[in-house]
Every structure is written in C-alpha cells, then in structure tokens.
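Notes for the structure review
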Amino acid sequence: MISLGYLAASTLFILALKWLSHPTTARRGVKAGELGMLIAIVATLAKAEIINYQWIAVGFVVGAVIGLPLAILMPMTAVPQRTALSHAMGALAAALVGTAEFYENGTHLSAFSMTALTFEVLLGFLTVTGSLMAFGKLQDLLPGRPIIFRGQNLVNGALFAAAAGTAVYLVVQPGATALFPVLIGLSLLFGVLLIIPIGGGDMPTVISLLNSYAGLSAAAMGFVLNNKLLIIAGALDGSSGFILSVIMCKAMNRSFTNVLFGGFGQVKMASSGEIEERSVRRASPEEAAAILEMARSVVIVPGYGMAVAQAQHRVRDLYDGLMRRGVDVKFAIHPVAGRMPGHMNVLLAEADIPYDRLVEMDDINPEFPQVDVVLVVGANDVTNPAARTDPSSPIYGMPILDVDKAATVMVIKRGMAPGFAGVENELYFMDKTTMLFGDAKAFVGDLVKELSGIAAVA
Amino acid sequence: MPDNLENGLFVFVLATFVGFEVIRRVSPLLHTPLMSLTNAISAISIVGAMVLAGSNRGPLATVLGTVAVASAMANVLGGFVITDRMLKMFKPRTSLAETRKP
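Residues numbered from 1 in each chain as written. Chains lettered and ligands numbered in written order. Predicted model: local features only at pLDDT ≥ 70, side-chain atom pairs only at ≥ 80, totals over all residues.

Within helix α3 (residues 46–54) of chain B, nine of the nine residues are buried, which leaves the element mostly enclosed by the surrounding structure. Residues I46, V47, G48, A49, M50, V51, L52, A53 and G54 of chain B constitute the buried set of α3 of chain B. Close packing links the buried residues of α3 of chain B with α2 (26–45), α3 (54–73), α4 (79–105), α8 (203–225) and α9 (228–251) of chain A together with α4 (59–89) of chain B. Residue N56 of chain B follows α3 of chain B closely and has a positive phi angle near 45°. (Buried ≥ 20, exposed ≤ 12 C-beta atoms within 10 Å, placed from the backbone. Helix = DSSP H or I, 4+ residues; strand = E, 2+ residues; numbered from the N terminus. Contact = placed C-beta atoms within 7 Å.)

Written as structure tokens, this is what we have:
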C-alpha cells in the first residue's frame, strides 16, 4: 500500500516536470508536484516503523515557520538567494539522515550501501556550505568577485582527495567511526573552497550545479534506504540541475572545469592598466525619448543591472508607453542574464510584461538587422561584439545578442566600468551607439516622463 | 549483485533518462520556476527524515531526524509556494489585455 503511494508520487513528480514545460500548463505542474509530495508524506506516516509522531510534528511546524515566510515575503529580485538557501536546507536534510544512518546501522550496511551513504554525506555537506557561500555572494554578504589565493586548485584537489580517501576507507572499514566526523568536516570545508573562487556572474552555472548535487544526494539516500521514490525524485532533480548547468556553460562558451576552477571574472585591472580615453556619444533622457518615439521597433535587452536597480516596473511603464504609441517592443533574453537561469523572465513577468514579448537569444538574433532601436538596460558582456570578432578577447566565442546589427543602440549604464568579464565593450564606442549615463531605474523613469510629455504636445 | 541494488540502479538510470527528456523540453522562459520546483521535489528526503525522527531509535536519530524534517519541510513548502507565486505572474498578452481594460 505504501509502495503504491510512492509509485503515485513518483508519477506525479514526472508529470509535474512535464507540465512545467509550457507556461499554460505550468501551474498544473506545481499542483501535481504538491499532490505527489502530500501522498509521499501521508504514505510515510503510515509506515509501521513510525511509532512516535511528536518530533515529526515539531519538524513540520518549524519547517513551515522557516519556509513559508521565505517564500511569501521574498521579493522576486531575491529569488536566486532564496534558491541557494533552500538548496542548502535540502542538502542538510539528506546529509543529516545519512549521518544518523551511519551511526545507527553503519556496521550492518553492505559495502555498496556504505558507498552510497558516503556519497550522500559528502555531496550533502558540500552542497550545504557551497550553497551558503553562493547565498552570501548573491546577498552581498561576501564579495561577489572571486576570492583567489596561490595554489588554490592544488589545495582544493588535495582536500577532495582527502575526503574521497576517507570515504573509501569508511567503506572498507565501517567500524572506523572516528573517521566519520573527519569526512563531514572535509566535505563542509570543500564546499566553501569550491565556491569562493567563483565570481558573481557565474552564479547561474553554480546554482544549477548545486541543484544537481542536492538531487544526487537525495538519490544516494534512496540507495541507502532502498527507497525507489527517493531514487526517482533525486535522479529527476540531479538531471535537471545538470541540464541547466550545461545550458549555462554553453551560453558562456565555457567548460565546467573553466567555471569551477578558472577563477573567471577577476578584475583584470593589470592588463587594462593604461585606460585610454575614448570618446563615446551620450544623450539626455529627452533626446533618448525622442529617438524611441520615432522608432517602429524597439528591442530592450535587460541584464543583471536591471535587477540590481529594481528597474523592472519602470521598464514596464516604458513598454506600455511605447506600445500605446504603436511601437513594437520586444525583450531579448540572454540565457545567462542575471544570477540564475531564467532570472530576467521572472522579473519581467513580475512587472506584468506578457511572456510572449520575451524572446530567447536564438530567436531574436536574426531580427536585429530589422530593429530600429535597441535599448540595453544593465547588460554588458552579453552584448559585446568582441565575442564574435576578437579572438584575443577572453569572451571570444561566447554566444551574444547581436545588438550591434540594429540601426541604433542606446545603453543605460552607471559609468564606463567594465562588466563581469572585465573586458571593455566595443559596442559602446560604435558610431551608432549612444550612452545614457545614470541609474537604470531613474533613467527609465525619466524616459517614461519624457514620452508622456511628447504625447501632451501631440 | 544484491537484488535491491540492481533494482535501484535500474530505477536510477531510467529516471535520469526520463528527467533528461522531460526537462530538455522546458522553455528557457521557465528555468527559474523549474529550478525551484525540482528543489522542492528533491526535499523528498523528508521521507527518510520522518522515519528517523519517528521511530524511537535513540536520541541521536531523533535529534538529527527532527532537524532534517524541519529543513526538508521548509524546502517543500517554500519551494512549492514560491514556484506557484512565480508562475502566477507569467501571463500571455491576450489575457493581460482583458484584465487591463477598465
């Protein structure tokens, strides 16, 4: 009976992910997932082994008190942080169950179960501290730039080897309980050291990878407890995180190893020491609004800067104003814009922009030559034509939005500071480009005001 | 190879393939909700945590189990609620035009 419940839950989880593939059925997917989880929990409560409900109830209540406010009150700009935090909590649960299982049954477990258990604990604790580090970087508690020291990769490699060695020894000698805390300590430390050298702009990949680890840890728990529901749900999560991290890596034209060990995004001030003064064209909100007003088609390119400035609602006002004037407005979304996969879409949807106006990179790129005006709001590296043209550039080969092919480009930016990759953006010095210096939110607000001013005259 | 291990590996491999096929189709538009949903689903470890917390196996199991139940539950509830909150915001143009009409 309980197995049937678990089977139903597994099916519902798969359906949940299937329905999530399209916005029209996505909410049904969430309902399916919720129902699956409910069935799984109720079926577990019916297990004969459970004789004491008191502590389970305590756990439920504490979990609800922590989890619900986080989900209900968190602003949409903070979704990456919340996701990192909840990866940490999910992984903590798996790691603690593995720990208890070791001390309870360690000596009775088969070599295989023991292997799965060490996987569970290693991945679990590594994900806990790794996700907390990612959270710290996203929440600006830690510096977003990579923290790098000499011999870092050597230290990390040695640490991982030590953790793996301890794990293997525990599989061979399950009685060596004294080594178990060592494994926990090494895993926790490895999680920290793995994430601190990774820069803020690589967070989409990192967060996907941690998602995958949390899932694999749950699947490993399924092997230890011989529970197929755990294996299935963990495998789904593991493959989802893996696919997303591959997509993110592809979108940056970088390999896993490069993201994890490359220390990318260090401020390369040394090489660009002698900053030559190059002139750019600049414009006031008034002039910019006039250019937008004259256009037939406008493509807005949002980036992390829009999220930081919380400018998405102003951008919606601008979208409304232009659409009302018969200007065709679309949004071009680069896969790694923002701090987690799909981050920009959520922000723009929050600002009530219809999702059929949000266009992916591969679909919008052929359209740029026909576009009158491109407005870049807080994006940088994903628009840099050097990725196509300059083989010496660190971002060469990265797929970008071909905004330089549009007739006119306007870029809202605080100043001329380089983006995450630390490279100058050639786009800013092109003849067709106009720089709009200022805070994204304030500037877009001014644009909206100017536009309505034009309306009053006309 | 013991039977349950063999079964487990079959299930794992097949589920991974199903996961790949299903998730590959998810539109990039919804990658953030996808991640928070799979995050909620991975909190299925609550099943193991509940057994630990509720089977009177001694203080260590109970304490670790209870903490694990709490953190998994926070993940389950939080994950599903925020996923739904996000998806509620995704609207196509037509329905938006209707709702905006005064």
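Turning our attention to the interface of chain A and chain B. A common measure of how large an interface is: the accessible area buried when the components associate. With 99 residues of chain A at the interface, the matching set in chain B holds 80 residues. Listing elements by their share of the side of chain A that touches chain B, those giving two or more residues are α1 (2–19), α2, α3, α4, α8, α9, α14 (343–350) and β3 (358–360) of chain A. Broken down by class, the residue content of the side of chain A that touches chain B amounts to 59 nonpolar, 27 polar and 13 charged. (Nonpolar A, V, L, I, M, F, W, Y, C, P; charged D, E, K, R; others polar.)

A word on the domain arrangement of chain A. Residues and elements named next belong to chain A. Splitting chain A by domain gives domain 1 (88–261) and domain 2 (285–457). One C-alpha centre belongs to domain 1, the other to domain 2; they are set 37 Å apart. When contributions to the side of domain 1 that touches domain 2 are tallied by element, the ones reaching two or more residues are α8 and α9. In terms of residue class, the side of domain 1 that touches domain 2 is made up of nine nonpolar, five polar and no charged. (Domains from an automatic or database assignment.)

What follows concerns the environment of I14 of chain A. In this structure, I14 of chain A sits in helix α1. The exposure class of I14 of chain A is buried, given the 21 C-beta atoms found within 10 Å. In this structure, the C-alpha to C-alpha distance between I14 of chain A and L236 of chain A, residues 222 residues apart in sequence, is 7.9 Å. When sequence neighbours within four positions are dropped, the list of residues in contact with I14 of chain A reads L236 of chain A together with V18 and V22 of chain B.

This next bit is on the confidence of the model for chain B. Should the pLDDT be low somewhere, the predicted coordinates at that spot are not to be read in detail. On average, chain B scores 87 in pLDDT, and the residues at 70 or more come to 90%. Between residues 96–102 of chain B, whose pLDDT stays under 50, and residues either more than four places distant or in other chains, the model counts three contacts. (pLDDT = per-residue confidence, 0-100.)

What follows concerns the nonpolar core. For soluble globular proteins, nonpolar side chains are generally found buried alongside one another. Core analysis: the largest hydrophobic core is formed by 197 residues, its most contacted members being A93 and V377 of chain A together with I46 and V69 of chain B. With 16 residues, the top contributor of residues to this core is α4 of chain B. Counting contributing residues per domain, this core is built from domain 1 (88–261) and domain 2 (285–457) of chain A, each supplying no fewer than three. (Core = buried A, V, L, I, M, F, W, Y, C linked by C-beta atoms within 7 Å.)

Mapped onto the elements, M221 of chain A comes out in helix α8. Here the alpha-carbon distance between M221 of chain A and D404 of chain A, two residues 183 residues apart in the chain, equals 50 Å. Here M221 of chain A is in contact with A94, V97, G98, E120 and L230 of chain A together with S45 and G48 of chain B, once residues within four sequence places are set aside.

Time to look at the packing of α4 of chain A against α4 of chain B. In a packed pair of helices, the relevant descriptors are the angle between the two axes and the axis-to-axis distance. Running from amino to carboxyl end, α4 of chain A crosses α4 of chain B at an angle of 155°, the nearest separation of the two axes being 8 Å. As far as their axial angle goes, α4 of chain B and α4 of chain A are roughly antiparallel. Between α4 of chain A and α4 of chain B lies a crossing whose hand is left-handed. In terms of residue class, the contact of α4 of chain A with α4 of chain B is built from 15 nonpolar, eight polar and two charged. (Axes fitted to C-alpha atoms, helices over the stretch in contact; angles between N-to-C directions. Parallel < 35°, antiparallel > 145°, perpendicular 65-115°, else oblique. Left-handed = near helix turned anticlockwise from the far one by under 90°.)

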